[in-house]
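# Fold and geometry: a report
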Amino acid sequence: MARENVLLPMVGKIMSVTVEPGDTVTADQQVGTFESMKMEMPVFAPFGGKVVEVAVKKGDVAEADQVFCVVETD
């Protein structure tokens, strides 16, 4: 099994986190939202698997390419 990072595409404020460690996600499932340039945008998992870590919380200001969560893939 491999661990893959779900990354934020740009600088923004975390508005919601909809997964927690232990959750199973599918490819292209929304795992949260962030706000950047006054627009709220979804964060999607590009692969399926089990969430093993959530690296952000609501209200955090995150950088581009920062880890949102870590997913263990098959």
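Throughout what follows, the structure given in this document is the object of discussion. (Residues numbered from 1 in each chain as written. Predicted model: local features only at pLDDT ≥ 70, side-chain atom pairs only at ≥ 80, totals over all residues. Heavy atoms only, no water.)

Taking strand neighbours across the sheet as the criterion, the four strands line up as E1-E8-E6-E3 in an open arrangement whose pairing is antiparallel. Both edges of this open sheet fall to strand E1 (2–7) and strand E3 (24–25), since each of them pairs with a single strand only. The pairing of E1 with strand E8 (residues 67–73) spans six bridges and is classified as antiparallel. Paired with Glu4 across the strands is Val71, a residue of E8. (Pairing = 2+ DSSP bridges. Helix = DSSP H or I, 4+ residues; strand = E, 2+ residues; numbered from the N terminus.)

Let's shift gears to the pattern of salt bridges. For the structure on display, the rule yields two salt bridges. One salt bridge connects Glu72 with Arg3, and the closest N-O pair in it is separated by 3.7 Å. With a gap of 69 residues between them, Glu72 in strand E8 and Arg3 in strand E1 connect regions that are remote in the sequence. On the basis of relative accessible area, Arg3 is assigned to the exposed category, the value being 56%. Two residues, Asp60 and Lys57, come together in a salt bridge whose shortest N-O distance is 3.2 Å. (Salt bridge = Lys/Arg side-chain N within 4 Å of Asp/Glu carboxyl O. Buried < 20%, exposed > 50% of the residue type's maximum accessible area, 1.4 Å probe, protein only.)

Note that every value here comes from positions in space, so none of it alone points to a role or purpose.
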